[in-house]
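Close look at the chain arrangement
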Amino acid sequence: MTEAGPAVDIRGLSKSYRIGHLRGQRRQALRDLSLQVPRGVVFGCLGPNGSGKSTTLKLLLGLLFPDSGSATILGQPIGARAVRQSLGYLPENPYFYDYLTPNEYLDYAGRLFGLPPGARKDRARELLDLVGLAEAAEVHMRRFSKGMLQRLGLAQALVNRPELVFLDEPMSGLDPLGRRSVREIILRLKEEGSTVFFSTHILSDAETLCDEVAVLRGGSVVAKGRLDQILSLDVTHMEVLVSGLGPQEVSGLPAGVEIFRTMGERLVLHVPETQLGRLVVAVEQRGGRVLSVQPVRQSLEDYFFAEIGHPAKGEAWTAGA
Amino acid sequence: MRRVAAVARNTFRESVRERVLYNLLFFAVIMTLSGLLLGELSIRQDAKIIKDLGLAAIDLFGTLIALFVGVGLVSKEIERRSLHPLLAKPLSRDEFLLGKFAGLGFTLLVNVGLMTGGLYATLLALRRGADPALLKAVFAIYLALLVTVALTLLLSILTSAAVASVSTLCLVIAGRYSDVILNLGDVVPGMPAWALRAVMILIPNFRNFDLKDRVVYGDPVSFGDLGWITAYAVAYTGTVITLAVIALRRRELT
C-alpha cells in the first residue's frame, strides 16, 4: 500500500443511472466530482438525500461503475484486492442474514480477510463489546431492531482493523445512546490513525466529528475544506437565558434584543455581543435573573441555508436527530 | 479458494436454516411414505412403487429446493444489499458466485442424501432389499439439480427473484419435455431445422438425467451412460456459470 498521498483521491467522477419504465432516460447522479481526503482525518461527505453521497461511496467500493473519471484509494485503483484488505464499509440501512447470529457473521467476515480462527473469535468478542451487542452475540439477526443491525454493520466494518473506513449514514436508526457510542468509535478510529470517510445528512454529526467536509448538491461539490474554512468561527450573537421577566419588563429591554424562544417563565434572548452588558444590567434592574450566556457561532445548518439555500426538489436536510 | 469456501460454508449454514427447506423435506418424506400405502394396493408391485415414488420425490422436491432456496439466496443478497459489505472485503464477484454455487450444491447433496436414506430405510423396513442401482438414478437427479442451481444463479443475477423463479421453472419444464421441441417441426412446418437445433442446445435437456424408469424396471445403466450425462452436466453447468460470472461482473449494485 502506498503510504504517501491522500487516502482517497477522486478525479472527475461522473455517474448516471438509467430510469423510467423502459430505462430510456438517464438521471445524472454525479457530475465531474473531484475530492481529496487526507490520511488520518474524519471526513464528512454532506448533502441532502439524493445529492450523490451513497453513489460516491459505491463507486469508490467498485459496486457501481463510473461513466467517466477515476479514483484511487490508499494509492491503489478502485477495486484492487490489496486495497480491500485495508478497507471497512458500513452500508446505509444494512441488512445481513436473518438466520445467522452476530458471532457467525463476524466469523464469516473474518474468514474473508483470512484471519486465523483464534483471532476471529477474539475480534468478534471485542467488536461486539465495542458496539454493545455482546449479549445478543448468539441471537439470530431476524430478531434484531434497525439500531442493532446498524451496530452490527459497524462491527463488521472494523473486523480487519481497517486503515480507511467508509460509513454510509452511520447514525441512521440509532437511539441517542447509540449515536454517542458511534461518535466515540469514530473518534477512537481517528486516534488509532485510521481515516474515516462518512456520509451524512445530519449536520450536527458532521459538526461534532469532522476535520474536513465536502458538501454535495445535485451530484457536484459545492464546498469543501476544513470546517473552520467553510464556517465563520466569529461569534455572530449571544444567547442569553433569563427568568423572572414578565411581558411589561421585556418590552423595556435595550434595542437589538430579540426573544428567540419562551420556555415557561424562562426566555431565550438573542442579543448582539456589544449589547450584552446593557442587557444584563437591564434584566437585573427589572428584577429578573440571568441564568446563562452562550456565544453563538455559525453552524453548518446556518451555512447551508444561507449559502446554498433551501433543498432542491427531491432533497431533504436534517439538522439533527 | 479459501474465500470461495467461506461463502459456500455461509450459504450452506443459511440455507439449512430456511423454513422452506424443512417444509419441502417434510412433503418429500410424506410422498415416499405414501408408497407404502399404494404398495399395499398393488400385489407384488409394492417395491417398484416405493422406488418409483421415492425417486420422484427426490427429483421433485430437490428441484423445488434448488429453485426456491437457490433463487431466494442469491436474489436476496442483491436486492437487500447484504452483498455490498462482502464485496468491499477482499472477495471478488467471481469468488462470491462460485461460493454460492458450491454452497447450494452442498445443501442439495445433503438433502438428496437424506431423502435417499429415507427411501432405502423404507425399502429395508419392508424387507424389499436395498437395490444399489437406485444410486445411479439418484446421481443423475443430483446432476440435474446442479444444472438447475446454475440456471437459478444466472437468472437471479439478470432479473428479479420472482422473474428468476418463474423463468427457471419454465426452463426446467421445457427441458423435461424437450422431445416436444423436436416435434415442433411437424407442428410448425416452416420452422428451419437449425432453429430447432439451436433451441435444443440452449434448453437444458433434463430428459438425459431421467434414469428413474430404467433403474426401477431393471434396465441396465452402464457407467458409460453415467459418464456421458456427467459430461453433459459439466459442460452445461460450466457454460451457465461462466455466463453468470460475466453477468455479475457487469452488474451494477445500486
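Note: the structure precedes this text.
Cut-offs applied
- Residues numbered from 1 in each chain as written.
- Chains lettered and ligands numbered in written order.
- Predicted model: local features only at pLDDT ≥ 70, side-chain atom pairs only at ≥ 80, totals over all residues.
- Helix = DSSP H or I, 4+ residues; strand = E, 2+ residues; numbered from the N terminus.
- Buried ≥ 20, exposed ≤ 12 C-beta atoms within 10 Å, placed from the backbone.
- Contact = placed C-beta atoms within 7 Å.
- Pairing = 2+ DSSP bridges.
- Axes fitted to C-alpha atoms, helices over the stretch in contact; angles between N-to-C directions.
- Nonpolar A, V, L, I, M, F, W, Y, C, P; charged D, E, K, R; others polar.
- Parallel < 35°, antiparallel > 145°, perpendicular 65-115°, else oblique.
- Left-handed = near helix turned anticlockwise from the far one by under 90°.
- Core = buried A, V, L, I, M, F, W, Y, C linked by C-beta atoms within 7 Å.
- Expected span 1.5 Å × (residues − 1).

A word on the overall build of chain A. On a plain count of helices and strands, chain A comes out with 11 helices and 14 strands. Taking the principal axes of the C-alpha coordinates as reference, chain A spans close to 75 × 45 × 45 Å. In chain A, which comprises 321 residues, the share counted as buried stands at 40%. Taking the intrachain contacts of chain A between residues at least 6 apart in sequence as the baseline, contacts between residues at least 24 apart amount to 72%.

Within a sheet, each strand pairs with its neighbour through backbone hydrogen bonds, oriented either parallel or antiparallel. All names here are of chain A. The strand order across the open sheet formed by four strands is β12-β13-β11-β14, and the pairing between neighbours is antiparallel. The open sheet has two free edges, formed respectively by β12 (258-263) and β14 (289-297), since each of these has just one partner strand. Across the sheet, the mean angle from the axis of one strand to that of its neighbour is 20°, orientation sign disregarded. Of the pairings in the sheet, the one linking strand β11 (residues 235-243) to β14 comprises eight bridges and is antiparallel in character. What sits directly across from glutamate 239, in β14, is glutamine 294.

Let's shift gears to the environment of glutamine 25 of chain A. Residues and elements named next belong to chain A. Along the polypeptide, glutamine 25 turns up in strand β2 (residues 25-37). Taking the C-beta count within 10 Å as the criterion, glutamine 25 has 11 such neighbours and is therefore assigned exposed. Discounting chain neighbours no more than four positions away, the residues touching glutamine 25 are Ile19 and Gly20.

Residue and element names in this part refer to chain A. The four strands lie next to each other as β2-β1-β4-β5, forming an open sheet whose pairing is antiparallel. Of all the strands in the sheet, just β2 and β5 (76-77) have a single pairing partner and so form its edges. Taken together, the five bridges between strand β1 (residues 8-19) and strand β4 (residues 68-73) define a ladder with antiparallel strand orientation. Note that in β4 the partner of isoleucine 10 across the bridge is alanine 71.

The next thing to look at is the pairing of β1 of chain A. Strand direction decides the pairing type here: β1 of chain A and β2 of chain A, joined by nine bridges, are antiparallel. When the sheet's bridge partners are listed, serine 16 of chain A is paired in β2 of chain A with glutamine 28 of chain A.

We now examine the interface of chain B and chain A. Of the residues lining the interface, 21 residues belong to chain B; the matching set on chain A comes to 25 residues. Those elements giving two or more residues to the side of chain B that touches chain A turn out to be α1 (2-15) and α4 (83-87) of chain B. In terms of residue count, the dominant contributor to the side of chain B that touches chain A is α1 of chain B (six residues). When grouped by side-chain class, the residues that make up the side of chain B that touches chain A number eight nonpolar, four polar and nine charged.

All names here are of chain B. Here helix α5 (residues 93-125) crosses helix α6 (residues 134-158) at 150°, and the two axes come no closer than 10 Å. It follows that α5 is roughly antiparallel to α6 by the angle criterion. Handedness of the crossing formed by α5 with α6: right-handed. For the pair α5 and α6, the contacting residues are Leu97, Lys100, Phe101, Leu104, Gly105, Leu108, Leu109, Val112, Thr116 and Leu119 in the first and Leu134, Val138, Ile141, Tyr142, Leu145, Leu146, Val149, Ala150 and Leu153 in the second. Partitioned by chemical class, the residues of the contact of α5 with α6 number 16 nonpolar, two polar and one charged.

For the rest of this paragraph, the subject is the nonpolar core. In terms of nonpolar packing, the biggest core is built from 138 residues, with Ile141, Ala150 and Ala244 of chain B touching the most fellow members. The element that contributes the greatest number of residues to this core is α6 of chain B, accounting for 18 residues. If near-sequence neighbours (up to four positions away) are discounted, isoleucine 141 of chain B is found in contact with Ile58, Asp59, Gly62, Val112 and Phe209 of chain B. Counting residues in hydrophobic clusters, the runner-up holds 10 residues, among them Leu245, Leu253, Val257 and Leu269 of chain A.

Turning to α5 of chain B, a few remarks are in order. With 33 residues, α5 of chain B ought to run about 48 Å at 1.5 Å a step, and its terminal C-alpha atoms sit 48 Å apart, in line with that. Once α5 of chain B ends, the next one or two residues include arginine 127 of chain B, with phi positive near 55°.

Our next topic: helix α12 (residues 223-250) of chain B. Residue and element names in this part refer to chain B. For α12, spanning 28 residues, the distance from its first C-alpha to its last is 40 Å, which sits close to the expected 40 Å at 1.5 Å a residue. For α12, the full list of buried residues reads Ile229, Ala233, Tyr236, Thr237, Val240, Ile241, Ala244, Val245 and Leu248. Against the buried residues of α12 lie α5 and α6.

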